[in-house]
Amino acid sequence: YRNSIVSFLKLMGESEADARVAANETISVEKAIASMHSQTVSEDLHPGTHVTLDELHKLCPNFDWPAFFTGLGERYIGQEGRLLVTSKEYFRGLSALLASRTPQAFRSYLRWRLVYLLSDYLGGDFLKQNLQFSRNLWGILSNEPRWRKCYTYTKRAVPQLVGKLFVDHFSSPEAKSLALDMADKVKSQFAADLETVDWLDQTSRTAALVKLDAMLFEMAYPDHFTSYDFDVEVTTLFQNARAANENKVKSALAMLHTAVDRRRWASTSAADVDAAYDINLNTMFFPAAMLQPPFFDANFSVAWNYGSTGGNLGHEMTHGFDNVGRRFDVDLKLR
């Protein structure tokens, strides 16, 4: 791992000696960060605590929070007591860490994180080094073919546009309507089962039925596709990725000032072959790519569609009531 950091930093122009010093500083910072996290695996969730900017500063006085939020273009964040802190111990530890290392150590750590996360968008030498690192870490033996990388990067940058292209060629309003009807029928049967199972007490049964009734289904594709406000060029992959990421951050920050949209597809694309239930929205997203043969087709028998897609629908619904989803009530509050 240390040698990989050195190799990446040398590609950025650092000397062997400077790269090794920076690698040692990086690993020291990473070990300290790791020590601030729990050493046991737990699925327990904590609702967190709302704090003001002043209270956050008291938790972590060695970080310039006003400068950070101003840099994000959100200088007024925290002035109304709406900052959510899920672990006060972490921020206390972060403040201590910031005081225990030199600024140069953090520059080394951040430089390593930056080049590693962006290496896919850089030149051939960075791609070769990234492959070597992935081979050591995960056993990956070769890079993806160029066509797949082009598709992956494009869908990552503009998921709704890629989804719209897929829908225009491979989906239809009729398929969406049929899938919605299936979801409603599976939901009705789910409710019937909740009414009769003998291991639920009446309080839990009522709460589950209310939450199920409020569950939303986003099938096939959104009613309105998201547009993207940034420029791309055919010869500038790195700049395109940077522009896409800046747009993603800008969109995320804008949501701080709007009501929660439970039907927002966010990073989910209609071209994804993967259904998902969002516990924070009590909404199921079932992309058009999941409503394709061999899973689903308007011309398949009812038994086929329900046996495959119907089963997937029921599975995703259960996530609203599993060991994590059950912690969120009908108002989307963590209990």
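The paragraphs below set out a description of the structure included in this document. Just so it is clear, the model here is predicted, and its values are computed rather than measured. (Residues numbered from 1 in each chain as written. Predicted model: local features only at pLDDT ≥ 70, side-chain atom pairs only at ≥ 80, totals over all residues. Heavy atoms only, no water.)

Another aspect to go through is the overall build of the chain. Check the secondary structure of the chain and you find 13 helices and 5 strands. When each of the 335 residues of the chain is scored for burial, the buried share is 36%. Accessible surface for the chain amounts to roughly 20400 Å². Of this, 56% is attributable to carbon and sulfur atoms. Each charge class in the chain was averaged separately, 36 positive and 40 negative side chains, and the resulting centres sit 6 Å apart. (Helix = DSSP H or I, 4+ residues; strand = E, 2+ residues; numbered from the N terminus. Buried < 20%, exposed > 50% of the residue type's maximum accessible area, 1.4 Å probe, protein only. Areas by Shrake-Rupley, 256 points an atom, 1.4 Å probe, with all protein chains shown as cover. Lys, Arg positive; Asp, Glu negative; His and termini not counted. Charge placed at Lys NZ, Arg CZ, Asp CG, Glu CD.)

Together, Phe-68, Leu-72 and Val-249 make up an exposed nonpolar region whose accessible area comes to about 220 Å². With respect to the helices, strands and loops of the structure, Phe-68 is situated in helix H4 (residues 65-71). (Patch = residues over 30% accessible without salt bridge, like charges linked within 9 Å, V, L, I, M, F, W, Y side chains within 5 Å. Salt bridge = Lys/Arg side-chain N within 4 Å of Asp/Glu carboxyl O.)

Looking at where Asn-240 falls in the secondary structure, it is placed in helix H12 (residues 237-254). When near neighbours in sequence (up to four residues on either side) are disregarded, Asn-240 contacts Phe-230, Asp-231, Val-232 and Glu-233. (Contact = heavy atoms within 4.5 Å.)

It is worth spelling out the environment of Leu-200 at this point. Within the element layout of this structure, Leu-200 appears in the loop between helix H10 (173-196) and helix H11 (202-214). Residue class for Leu-200 comes out buried when judged on its relative accessible area of 17%. Each C-alpha atom, one on Leu-200 and one on Glu-14, is 63 Å from the other, the two residues being 186 residues apart in sequence. Apart from the residues lying within four places of it in its own chain, the contact partners of Leu-200 are Leu-194 and Arg-205.

Here we come to the nonpolar core. Side chains of a nonpolar character, in soluble globular proteins, are inclined to be buried together. The biggest cluster of nonpolar side chains holds 36 residues, and the ones touching the most others in it are Leu-194, Phe-217, Met-219, Phe-286, Leu-313 and Met-317. Mapped onto this core, the elements with two or more residues apiece are helix H9 (159-170), H10, H11, strand S3 (216-220), H12, strand S5 (283-287) and helix H13 (302-318). Ranked by the residues each element gives to this core, the list is headed by H10, at 7 residues. In contact with Phe-217, other than residues within four places in its own chain, are Leu-180, Ala-183, Asp-184, Lys-187, Arg-263, Met-284 and Met-317. In terms of nonpolar packing, the next biggest core, distinct from the first, is built from 19 residues, Leu-59, Phe-69, Leu-83 and Val-85 among them. (Core = buried A, V, L, I, M, F, W, Y, C linked by side-chain atoms within 4.5 Å.)

Moving on, we come to the packing of H10 against H13. At their nearest, the axes of H10 and H13 sit 10 Å apart, and the two run at 60° to each other. As summarised for this structure, H10 and H13 are arranged oblique, according to the angle between their axes. In terms of crossing hand, the pair formed by H10 and H13 is right-handed. Across the interface between the two elements, Leu-178, Met-182, Ala-183, Lys-185, Val-186, Lys-187 and Phe-190 from H10 touch Asn-305, Tyr-306, Thr-309, Gly-310, Leu-313, Gly-314, Met-317 and Thr-318 from H13. For the contact of H10 with H13, the per-class residue count stands at 8 nonpolar, 5 polar and 2 charged. (Axes fitted to C-alpha atoms, helices over the stretch in contact; angles between N-to-C directions. Parallel < 35°, antiparallel > 145°, perpendicular 65-115°, else oblique. Left-handed = near helix turned anticlockwise from the far one by under 90°. Nonpolar A, V, L, I, M, F, W, Y, C, P; charged D, E, K, R; others polar.)

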